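As a plain string of letters, each chain reads:
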Amino acid sequence: MEKDFFNRFVDDLKSINFSGKILFAALSEPLLHKDIGYFISILRKKLNNVSIEVVTNGDVLNASRLKNLFESGLNTLNISMYDGKEQIQSFEKMIKEAGVQKSNVILRRRYLEDGNYGITLTNKCGAIDIGEIAPVEELPLQKVCYYPFYHMMVDFNGDVMPCPHDWQKKGIIGNLNHNSIMEVWTGKKEEFLRRNLSNSNRNIDPCKECDVPGDLVGEERYKDWKKSHKKTPF
């Protein structure tokens, strides 16, 4: 993601008084971006009330970088640990050296222990065959999904997807180089997804290949949408 685009994106968020969460994650390792500290500082300067988070595997993290991330304005750093429990001691030492509040750094187990990885494994909308590791019921699932009611994912080139599980990028609903955030958020493609998913119909791309429950977060936003559309037939 280029600086010019990111600044336009943040200005667009500012124009609608956005005060939610900005999460650097999905399809990449955020700390490999040389301008990640700059991006965080711009967000904090222009959108003082937002919550800024980063998800990282921690491979390129050190005490100095950790300190700089929080000095730039980061609220929470989520570290996904894949190697083993020995990583806990290493990261806790790093946190102490950086002088960062321990509660602001979340260590997430992603290594095998007690028969699980500390996370529900999913097929990323059909991009991954997880086979017998995490068998699911027949697809497409027949259940509501809340993702399009509270979330959007912005790719490096401005493409917008309503779901972070769409690794094959089949569900692009707009591009922020050509559309404003509100144009995408209220656009026909997003509304098409919401109407179908509100009726538990996932027989659409990319949802028909997705095994994610999709109802763990976002119910309140879903109910808000239902209420605002109560006069419109689904």
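To keep things clear, this report deals only with the structure shown in the data block. (Residues numbered from 1 in each chain as written. Predicted model: local features only at pLDDT ≥ 70, side-chain atom pairs only at ≥ 80, totals over all residues. Heavy atoms only, no water.)

### A few points about the nonpolar core
What counts, and what does not: What is meant by a nonpolar core is a set of buried Ala, Val, Leu, Ile, Met, Phe, Trp, Tyr and Cys residues, joined one to another through side-chain atoms within 4.5 Å. The buried label goes to any residue with under 20% of its type's maximum accessible area, the exposed label to any with over 50%, and the partly exposed label to all in between, with areas taken from a 1.4 Å probe on protein chains only.
If you look at the biggest cluster of nonpolar residues, it comprises 48 residues, and the most contacted ones within it are Phe24, Leu61, Leu66 and Leu77. In this structure, Tyr146, Phe149, Tyr222 and Trp225 belong to the second largest nonpolar core, which totals 5 residues.

### Looking at the pairing of strand E4 (residues 105–109)
Our working rule: Strand pairing is assigned whenever DSSP detects at least two bridges linking the two strands. Think of it this way: any DSSP run of H or I at least four residues long counts as a helix, any run of E at least two long counts as a strand, and we number them from the N terminus. Handedness rule for crossovers: strands pointing away from the viewer, path from the first strand over the helix to the second running clockwise, crossover right-handed.
Sheet analysis places strand E3 (residues 76–81) next to E4, joined by 5 bridges and oriented parallel. The partner of Ile79 across the bridge, within E4, is Leu107. Handedness of the crossover joining E3 and E4 through helix H4 (residues 86–98): right-handed.

### Focus: helix H1 (residues 3–15)
How we decide: In a helix, the anticipated span is given by 1.5 Å times the number of residues less one. Pairs of residues are marked as contacts when any of their non-hydrogen atoms sit within 4.5 Å.
Relative to the 18 Å expected for 13 residues at 1.5 Å per residue, H1 spans 18 Å between its end C-alpha atoms, a close match to the ideal helical length. Buried residues of H1: Phe5, Phe6, Asn7, Phe9, Val10, Asp12 and Leu13, and no others. Those residues of H1 that are buried lie in contact with strand E1 (21–24), helix H2 (36–46), strand E5 (153–154) and helix H6 (181–185). Among the residues trailing H1, Asn17 stands out with phi positive, at a value near 55°.

### Some thoughts on the pattern of salt bridges
Pairing is possible between side chains that carry opposite charge, provided their charged atoms lie close to one another. This is how it is decided: For this document, the term salt bridge refers to a Lys or Arg side-chain nitrogen within 4 Å of an Asp or Glu carboxyl oxygen.
Applying the stated criterion across every chain, the model contains 15 salt bridges. The salt bridge partner of Lys3 is Asp35, with a shortest N-O separation of 3.9 Å. One end of the pair, Lys3, is in helix H1; the other, Asp35, is in the loop between E1 and H2, with 32 residues separating them in the sequence. Given the relative accessible area of 35%, Lys3 is considered partly exposed. Given the relative accessible area of 12%, Asp35 is considered buried.

### As for the sheet that holds E1
Cut-off, in case you're wondering: Interaxial angles span 0 to 180 degrees and are taken between N-to-C directions of axes, which are lines fitted to C-alpha atoms, for helices over the stretch in contact.
Within the open sheet, the 4 strands sit side by side as E1-E2-E3-E4. Their pairing is parallel. Lying at the two open borders of the sheet, with one neighbouring strand each, are E1 and E4. Across the sheet, the mean angle separating the axes of adjacent strands is 20° when strand polarity is ignored. Relative to strand E2 (residues 51–56), E1 runs parallel, the two sharing 4 bridges. The residue of E2 that forms the bridge with Ile22 is Ile52.

### Things to note about the environment of Leu107
With respect to the helices and strands, the residue Leu107 is situated in strand E4. Taking relative accessible area as the criterion, Leu107 reaches 26% and is therefore assigned partly exposed. For Leu107 and Gln87, which are 20 residues apart along the polypeptide, the C-alpha to C-alpha distance reads 9.2 Å. For Leu107, the residues in contact, after removing those within four places along its chain, are Ile79, Met81, Ile88, Phe91 and Glu92.

### Description of the state of the cysteines
Using the following cut-off: Any two cysteine sulfur atoms within 2.5 Å of one another count as a disulfide.
This structure, assessed with the given rule, holds 0 disulfides. Here Cys145 is not disulfide-linked; the sulfur of Cys163 is the nearest cysteine sulfur, at 6.1 Å. Residue classification places Cys145 among the buried residues on the basis of a relative accessible area of 10%. Distance from the sulfur of Cys210, which forms no disulfide, to the nearest cysteine sulfur (Cys125) is 4.0 Å.

### Points about the packing of aromatic side chains
Two aromatic rings are characterised by how far apart their centres lie and by the angle between their planes. The condition is simple: When two rings of Phe, Tyr or Trp (its six-membered ring) have centres within 6.5 Å they constitute a pair, described as stacked for plane angles under 30 degrees, edge-to-face for angles over 60, and tilted for the intermediate range. Criterion for a charge above a ring: Arg CZ or Lys NZ at most 6 Å from the ring centre, at most 35 degrees from the ring normal.
The full count for this structure, using the stated rule, is 9 aromatic pairs. A ring pair is formed by Phe149 and Trp225, whose centres lie 5.2 Å apart and whose planes are at 70°; its orientation type is edge-to-face. Of the two residues, Phe149 is situated in helix H5 (residues 147–150) and Trp225 in helix H8 (residues 219–228); the sequence distance between them amounts to 76 residues. Each member of the pair, Phe149 as well as Trp225, is classed as buried. Connected via pairs of aromatic rings, a cluster forms that spans Phe5, Phe6, Phe9, Phe24, Tyr38 and Phe39. Lying over the aromatic face of Tyr111, Arg109 brings its terminal NZ or CZ to 6.0 Å of the ring centre. Above the face of the Trp185 ring, Arg194 is positioned so that its terminal group lies 4.4 Å from the ring centre.

### Things to note about the sheet that holds strand E7 (residues 174–175)
Hydrogen bonds along the backbone pair up the strands of a sheet, which may run parallel or antiparallel. Read from one edge to the other, the open sheet built from 3 strands follows the order E5-E6-E7, with strand pairing classed as antiparallel. The sheet is open, and its two edges are formed by E5 and E7, each paired on a single side. Where E5 lies against strand E6 (residues 159–161), 2 bridges are found, and the strand directions are antiparallel. Along E6, the bridge assignment pairs Val154 with Val160.

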